[in-house]
Amino acid sequence: MSAVRFCADKDTGVAVVTLNRPERLNAVDGDMATELARIWGELRFDDSVRAVVLTGAGERAFCTGIDRDFAVPQPSSPYMQDDPLLTVGPKANDLWKPVVAAVRGMACGGAFYLLGESEFVVADTTAAFFDPHTTYGMVSAYESVLMAQRMPYGEVARMMLMGSAERISAERAHAIGLVSELTEPGEALDAAVRCAAVIAGYPAEGVQGTVRALWAAKEAARAQAFAQAPHLIALGNLPAERQAELFAGRRSGQFRLR
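Chemist: Before we move on, could you go through the pattern of salt bridges and cite the residues and values that matter?
Modeler: The final tally for this structure, using the stated rule, is 18 salt bridges. Between lysine 91 and glutamate 119 there is a salt bridge, and its shortest N-O distance comes to 2.9 Å. Highlighted residues: lysine 91 in the loop between strand 4 (61–63) and strand 5 (99–103) and glutamate 119 in the loop between helix 2 (111–115) and strand 7 (120–124), separated in sequence by 28 residues. Given a relative accessible area of 6%, lysine 91 falls into the buried group.

Okay, structure coming up:
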C-alpha cells in the first residue's frame, strides 16, 4: 500500500493528494516523505493539474507529524541537523500551484510543515490542532515558525508551550483564522475540492503568480527563523532516550480542548 495516494480530475484540473497511513495516524515515515517530494516534483510539470487538495486518510487524523519509529541519524554538529520533514511540502519542492488542506481529526507536530505550506485550510468539526514537542522535551522550532505566520502570536505561543495538555478545537481554529472554513464531520474534503475547482478554473499564470507573491510576503522572515532552528533544536532537545521515556509515560485523553 502506497504511503501517499494521488488522483487527478483532468476535467476540473484538481488533484487530491492523500496521506495514506491511517493505521499510524498518517505519521510521516521515510517512504511518505520520499513519495510526497516525488509527487510535488511531478506536479510542477503536469499542466493539467492547476490546483491541489491535501488530506489524510481515515477519520482519526490528518497527520501526527513524524513517525516515532522512523529513526533519522543525526550528525553531531548543531549546524547540520537533518530534518526529513523540510522536504515534504509543496513550496519546499518549488511547486507554486495552490494547495488547499482538508483536515479531519488530529493535526499536530510535524503536520504543521504541510499546513504551513498550504494556501488555506478547510476543516470539519472533528479537527483538533496541537503540538506536543515541549511535553516530551523537544524544541518546537520549524513548526512554531510556520504557525507564527498563520496564527496570532499569542495563540501559536500558547499552543506550542502548552504541549499535549491542550488542543485547539476546530471552532477555535476557525475563530483565530487558522481554518478558513468549517464543515460538518466528513465534509471537509468535498468543501476543499469545491474551492480548488474554482481556483483551477482561473488562468493558471495569474493564480500561480499570486501564490508566489503571497509566499514572498513572508519568505524572508521564515528563512531567517529557519536558519536559527537547527542549533536551537540541538541545544534544547533532551537526549533521545529521555524523550522516549516521556512519550512512553504519556496518559491518553489527558488534555483540554479549547
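There's plenty left to go through after this.
Chemist: Tell me about the layout of surface pockets, and please be specific about residues and values.
Modeler: Counted as a void, the second largest pocket has a volume near 200 Å³. Contributing to the lining of the second largest pocket are 14 residues, with Thr55, Gly56, Gly58, Arg104 and Leu189 lying nearest its centre. When residues of the lining of the second largest pocket are traced back to their parent elements, those giving at least two are strand 2 (14–19), strand 3 (51–56), strand 5 and helix 6 (188–200). Per-class residue counts for the lining of the second largest pocket are 6 nonpolar, 5 polar and 3 charged.

Chemist: Before we move on, can you summarise the sheet that holds strand 2 with the specific residues and values?
Modeler: The strand order across the open sheet built from 6 strands is 1-2-3-5-7-10, with neighbouring strands paired in mixed fashion. The open sheet is flanked by strand 1 (4–9) and strand 10 (181–183), the only strands paired with a single partner. Each strand of the sheet is rotated relative to its neighbour by a mean of 20 degrees, with strand direction disregarded. Of the pairings in the sheet, the one linking strand 2 to strand 3 comprises 6 bridges and is parallel in character. Counted as the bridge partner of valine 14 is alanine 51 from strand 3. Lying over the sheet, helix 1 (residues 30–43) contacts strand 1, strand 2, strand 3 and strand 5, oriented at roughly 20 degrees with respect to strand 1.

Chemist: Describe helix 4 (residues 153–162), listing the residues and the values that go with them.
Modeler: Listed as buried for helix 4 are Glu155, Val156, Ala157, Met159 and Met160. On its buried side, helix 4 packs onto helix 2, strand 8 (128–130), helix 3 (142–148), strand 9 (166–169) and helix 5 (170–175). Of the residues flanking the end of helix 4, it is glycine 163, one or two places downstream, whose phi is positive at about 55 degrees.

Chemist: So, helix 6: which residues are in play, and what are the values?
Modeler: The terminal C-alpha atoms of helix 6 lie 18 Å apart, and with 13 residues this matches the ideal 18 Å at 1.5 Å per residue to within 8%. Within the span of helix 6, buried status applies to Ala188, Ala191, Ala192, Ala196, Ile199 and Ala200. Buried residues along helix 6 sit against strand 2, strand 3, strand 5, strand 7, strand 10 and helix 7 (204–236).

Chemist: Outline the pairing of strand 3, supporting the account with residue identities and numerical values.
Modeler: Within strand 3, 6 of the 6 residues are buried, which leaves the element mostly enclosed by the surrounding structure. Alternating residues of strand 3 divide into Ala51, Val53 and Thr55 and Val52, Leu54 and Gly56, and every residue in both groups is buried. For the crossover from strand 2 across helix 1 to strand 3, the handedness is right-handed. With 4 bridges connecting them, strand 3 and strand 5 associate as parallel partners. Paired with leucine 54 across the bridge in strand 5 is alanine 101.

Chemist: An account of the packing of aromatic side chains is needed here, citing residue identities and associated values.
Modeler: One pass over the full model with this rule turns up 4 aromatic pairs. With a centroid separation of 5.3 Å and an interplanar angle of 75 degrees, the aromatic rings of tyrosine 136 and phenylalanine 247 are classed as edge-to-face. One end of the pair, tyrosine 136, is in the loop between strand 8 and helix 3; the other, phenylalanine 247, is in helix 8 (residues 240–248), with 111 residues separating them in the sequence. Pairing tyrosine 142 with phenylalanine 226 gives two aromatic rings, centres 4.8 Å apart and planes at 90 degrees, and the pair type is edge-to-face. A residue pair is termed long-range when its members are at least 10 positions apart, and tyrosine 142 in helix 3 and phenylalanine 226 in helix 7 qualify at 84 residues. By relative accessible area, tyrosine 142 is classed as buried at 5%. Each member of the aromatic cluster is reached from another via a ring pair, and the members are Tyr113, Tyr142 and Phe226. The ring centre of tryptophan 215 lies 5.6 Å from the NZ or CZ of lysine 91, which sits over that ring. Note that arginine 212 overlies the ring of tryptophan 96, its terminal NZ or CZ placed 4.1 Å from the centroid.

Conventions used here
Residues numbered from 1 in each chain as written. Predicted model: local features only at pLDDT ≥ 70, side-chain atom pairs only at ≥ 80, totals over all residues. Heavy atoms only, no water. Salt bridge = Lys/Arg side-chain N within 4 Å of Asp/Glu carboxyl O. Helix = DSSP H or I, 4+ residues; strand = E, 2+ residues; numbered from the N terminus. Buried < 20%, exposed > 50% of the residue type's maximum accessible area, 1.4 Å probe, protein only. 1 Å grid on protein atoms, 1.4 Å probe; cavity = no way out; pocket = protein on both sides within 12 Å on 5 of 7 lines; lining within 4 Å. Points joined across faces, edges and corners; volume = space filled by probe spheres on them. Nonpolar A, V, L, I, M, F, W, Y, C, P; charged D, E, K, R; others polar. Pairing = 2+ DSSP bridges. Axes fitted to C-alpha atoms, helices over the stretch in contact; angles between N-to-C directions. Contact = heavy atoms within 4.5 Å. Expected span 1.5 Å × (residues − 1). Right-handed = clockwise from strand over helix to strand, strands pointing away. Phe/Tyr/Trp six-rings, centres within 6.5 Å; stacked < 30°, edge-to-face > 60°. Lys NZ or Arg CZ within 6 Å of the ring centre and 35° of its normal.

Such coordinate-based values are descriptive only and should not be taken to indicate function.
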